[in-house]
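A look at the structure
So you can see what is in the structure, the chains are spelled out below.
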Amino acid sequence: MTTTAVTHIASLVTNDPSLGNGTPLGLIHDAAVVIDGDRIVWTGESSKAPATDNVLDAAGRAVIPGFVDSHSHLVFAGDRTDEFNARMSGQPYRAGGIRTTVAATRAASDDALSANVARYLAEALRQGTTTFETKSGYGLTVEDEARALRIAGRHTDEVTYLGAHIVSPDYADDPAGYVGLVTGPMLDACAPHARWIDVFCEQGAFDGDQARAILTAGRAKGLHPRVHANQLSYGPGVQLAVELDAASADHCTHLTDADVDALAQGNTVATLLPGAEFSTRAEWPDARRLLDAGATVALSTDCNPGSSFTSSVPFCIALAVRDMGMTPDEAVWAATAGGAAALRRTDVGRITPGARADLVLLDAPSHVHLAYRPGVPLVSAVWRRGERVV
């Protein structure tokens, strides 16, 4: 293996409080990073960097960990331009629009679906995302959900079974029958291809009792829970997520004080998805409230063709700072270390010895520019597993 040093970094975000300035970001100024193979082996002041086979001069630019996008829906076909246009013309967002994507996804070939995933992942990579999760949920039959997970598994290890996205149109008059399918034959077919199980616990999707049955069945098959919780209304999703030790409760827009307390006291990460609120003109999640209570917060794109058709974590960082009460430091941490926590990973989302060598060189002197200069393509270079890929 060859070693590479990135030197003369104006501001290095390590996400290790024991390093640098002692903040959660672990900032080191005038820093260097040494990569050996697919791992970080050294971080510190640039003047103290050890000799390496290769050297790249950052020339006073910032380096941050690769973004960890812990919530996306990339196995789909088609788009929902007409729905978005109608929504921007005054029609409210409802979960039922998912059925449009279900029909297009069922009709698409495996190769077309896989090419679509690859396309959006390449788009995300160019914007600094080096780890991502993605879900099924646009098939809603045993065969289509299982193939979605197989396709997702070609592109990432972080694969989530979301047969419980909405009640399948095929079971519109028999929701209990669909829950039986999701917890029975569909789960049997899908569990070997997934790490996680998710459910959309929401009015118009699945209630608390149905969500509990689905997540409990998934746990019995070795899948760890995640929950789409409290996006469109107050409900039981957050409390259920914490009770079942779900890795994350995602959306968290409508929260009671008890919900916030549960998240602060439990191990479940509150994953906020500002792209969805932007795209649906909905109420913003109150990140400040969660952070002040002591909850762990992640930021993710929720990339999907209906309610958040963006693959840009920098865009979501800018929204979180502008509209959700987060500081630039908190938003960058949430999009890197927070995303890793939402996937229960310790090898990504940070730049410390032993971590995977996933890092992003910004065309800016500080990570603050991600919010300070919204919409500007600041990602200059990306390394994933030690290999420069952008």
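To start, this report covers the structure provided alongside it. The shown structure was predicted, so the numbers you read here are calculated from the model rather than taken from an experiment.

For the rest of this paragraph, the subject is helix α12 (residues 313-323). Among all positions in α12, only Val 313, Pro 314, Cys 316, Ile 317, Ala 318, Leu 319 and Ala 320 are buried. As for α12, its buried residues are in contact with β6 (67-69), β7 (129-135), α10 (274-280), β14 (297-299), α13 (328-342) and α14 (369-372). Two to three positions downstream of the cap, the backbone nitrogen of Phe 315 sits 3.1 Å from a side-chain oxygen, assigning the N-cap of α12 to Ser 312. Of the residues trailing α12, Gly 325 is marked for its positive phi of about 85°.

Buried residues dominate strand β8 (residues 158-164), accounting for seven of its seven residues. Bridge count between β7 and β8: three bridges; the pairing is parallel. Directly across from Glu 133, in β8, lies its bridge partner Glu 158. Across three bridges, β8 lies against strand β9 (residues 196-201) in parallel orientation. Its bridge partner being in β9, Ala 164 is matched across the sheet by Val 199.

A few words on the packing of α12 against α13. Axis separation between α12 and α13 bottoms out at 9 Å; the angle between their running directions is 140°. Comparing their axes, α13 and α12 come out oblique. Helix-helix and strand crossings are classified by hand; for α12 and α13 the assignment is right-handed. Residues Val 313, Ile 317 and Val 321 of α12 form the contact with α13, whose participating residues are Pro 328, Ala 331, Val 332 and Ala 335. By residue class, the composition of the contact of α12 with α13 is seven nonpolar, no polar and no charged.

What follows covers the nonpolar core. One finds Tyr 161, Phe 206, Leu 263, Leu 290, Leu 299 and Ile 317 to be the most contacted residues of the largest nonpolar core, which totals 87 residues. Each residue touching Ile 317, except ones within four places of it in the same chain, is listed here: Phe 67, Leu 299, Ala 331, Val 332, Ala 335 and Leu 370. By size, the runner-up hydrophobic cluster in this structure holds 17 residues, among which are Val 33, Ala 58, Leu 359 and Ala 381.

A few words on the packing of helix α5 (residues 175-183) against helix α7 (residues 208-220). Packing of α5 against α7 brings their axes to within 9 Å, and their N-to-C directions diverge by 15°. Classed by the angle they form, the pair α5 and α7 counts as roughly parallel. Judged by the twist between their axes, the crossing of α5 over α7 is right-handed. Within the contact between the two elements, α5 uses Pro 175, Val 179, Val 182 and Thr 183 and α7 uses Gln 210, Ala 213, Ile 214 and Ala 217. A per-class count over the contact of α5 with α7 returns six nonpolar, two polar and no charged.

Once that is clear, we can look at the pattern of salt bridges. Counted according to the given criterion, the structure contains 20 salt bridges. Across the pair Glu 133 and Lys 135 runs a salt bridge, and its minimum N-O distance is 2.8 Å. You can call Glu 133 buried: its relative accessible area is 0%. Given the relative accessible area of 0%, Lys 135 is considered buried. The closest approach of N and O atoms between Arg 344 and Asp 245, which form a salt bridge, is 3.0 Å.

Take the pairing of strand β13 (residues 269-272) next. Going residue by residue along β13, you find Val 269 and Thr 271 tucked away on one face and Ala 270 and Leu 272 tucked away on the opposite face as well. Sheet topology note: the strand β12 (residues 248-251)/β13 ladder contains three bridges and is parallel. Across the sheet, the residue bridging to Ala 249 is Ala 270, located in β13. This β-α-β element, β12 to helix α9 (residues 257-265) to β13, shows right-handed connectivity. Examined bridge by bridge, β13 and β14 share three bridges and lie parallel to one another. From the neighbouring strand, Thr 271 faces β14, where its bridge partner is Ala 298.

On to unusual backbone geometry. Even without being glycine, Arg 344 reaches a positive phi, approximately 50°. Secondary-structure assignment places Arg 344 in the loop between α13 and β15 (359-362). Judged by relative accessible area, Arg 344 falls into the partly exposed class, the value being 32%. Backbone geometry at Arg 385 places phi at a positive 55°, although glycine is not the residue there. For Arg 385, the location among the structural elements is in the loop between β16 (379-384) and β17 (387-388).

Definitions and cut-offs
- Residues numbered from 1 in each chain as written.
- Predicted model: local features only at pLDDT ≥ 70, side-chain atom pairs only at ≥ 80, totals over all residues.
- Heavy atoms only, no water.
- Buried < 20%, exposed > 50% of the residue type's maximum accessible area, 1.4 Å probe, protein only.
- Helix = DSSP H or I, 4+ residues; strand = E, 2+ residues; numbered from the N terminus.
- Contact = heavy atoms within 4.5 Å.
- Polar contact = N/O pair within 3.5 Å; in protein donor to acceptor, adjacent residues only side chain to side chain.
- Pairing = 2+ DSSP bridges.
- Axes fitted to C-alpha atoms, helices over the stretch in contact; angles between N-to-C directions.
- Parallel < 35°, antiparallel > 145°, perpendicular 65-115°, else oblique.
- Left-handed = near helix turned anticlockwise from the far one by under 90°.
- Nonpolar A, V, L, I, M, F, W, Y, C, P; charged D, E, K, R; others polar.
- Core = buried A, V, L, I, M, F, W, Y, C linked by side-chain atoms within 4.5 Å.
- Salt bridge = Lys/Arg side-chain N within 4 Å of Asp/Glu carboxyl O.
- Right-handed = clockwise from strand over helix to strand, strands pointing away.

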